[in-house]
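# Observations on chain architecture
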Amino acid sequence: MNRQHVLKLLNPVLALLFVNQIVTGMSGTSLSHEAFEILHKGGAIILSLAVVTHVILNGNWIKAQYFRKRNHV
Ligand code: HEM
């Protein structure tokens, strides 16, 4: 699987993980303590790893947009 394929899979997974954080974070008392630990705390760890992977895979774009040398005239 090349970079593009990984990103194509990773991006929707990132979106789902993010929605999971919002929904479980706002669930109040409707989730048991154990379910919250698994879904919200566990989700946070997986989300963090997915974000780091996403930034690494988009490293070239980030460098090109923010760190490219400009031609001074
Ligand atoms: C990117 C989004 C989020 C991430 C990465 C995240 C991550 C975390 C983590 C790691 C904890 C566990 C802290 C601990 O060790 O006790 C936590 C707890 C919690 N989060 Fe989130 N969270 C996110 C979004 C939200 C949102 C949107 C809400 C609610 C609006 C929320 C509500 C809570 C609550 C109520 C707790 C329990 C706090 C406590 O220990 O009493 N979170 N979150």
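## Regarding the packing of aromatic side chains
Counted by the stated rule, this structure contains one aromatic pair. Consider the rings of Trp61 and Tyr66, whose centres lie 6.4 Å apart with planes at 75 degrees: the pair is edge-to-face. Under the relative-accessibility criterion, Tyr66 is labelled exposed at 62%.

## Quick look at the site of the ligand
In the neighbourhood of the ligand, the contacting residues comprise Phe18, Gln21, Ile22, Gly25, Met26, Phe36, His40, Lys41, Ala44 and Leu47. Within the contact set of the ligand, a nitrogen atom lies 2.8 Å away from a side-chain nitrogen or oxygen of His40. A distance of 3.5 Å is found between an oxygen atom of the ligand and a side-chain nitrogen or oxygen belonging to Lys41. Elements with a minimum of two residues in the shell around the ligand: helix 1 (3-25) and helix 2 (33-57).

## Some details on the nonpolar core
In this structure, Leu7, Leu10, Leu14, Leu17, Leu47, Ala50 and Leu57 together form the largest nonpolar core, which totals seven residues. Residue assignment for this core shows that the elements contributing at least two residues are helix 1 and helix 2. The biggest single contributor to this core is helix 1, with four residues. When near neighbours in sequence (up to four residues on either side) are disregarded, Ala50 contacts Leu10, Leu14 and Leu17.

## Quick look at the environment of Thr53
Considering the arrangement of structural elements, one finds Thr53 in helix 2. Each C-alpha atom, one on Thr53 and one on Asn20, is 18 Å from the other, the two residues being 33 residues apart in sequence.

## Regarding the side chain of Gln21
Tracing the sequence through the fold places Gln21 in helix 1. Among the residues examined, Gln21 registers a relative accessible area of 12% and is labelled buried. Excluding its chain neighbours within four sequence positions, the residues that come into contact with Gln21 are Leu39, His40, Gly43, Ala44 and Leu47.

Definitions and limits used
Residues numbered from 1 in each chain as written. Predicted model: local features only at pLDDT ≥ 70, side-chain atom pairs only at ≥ 80, totals over all residues. Heavy atoms only, no water. Phe/Tyr/Trp six-rings, centres within 6.5 Å; stacked < 30°, edge-to-face > 60°. Buried < 20%, exposed > 50% of the residue type's maximum accessible area, 1.4 Å probe, protein only. Near = heavy atom within 4 Å. Polar contact = N/O pair within 3.5 Å; in protein donor to acceptor, adjacent residues only side chain to side chain. Helix = DSSP H or I, 4+ residues; strand = E, 2+ residues; numbered from the N terminus. Core = buried A, V, L, I, M, F, W, Y, C linked by side-chain atoms within 4.5 Å. Contact = heavy atoms within 4.5 Å.

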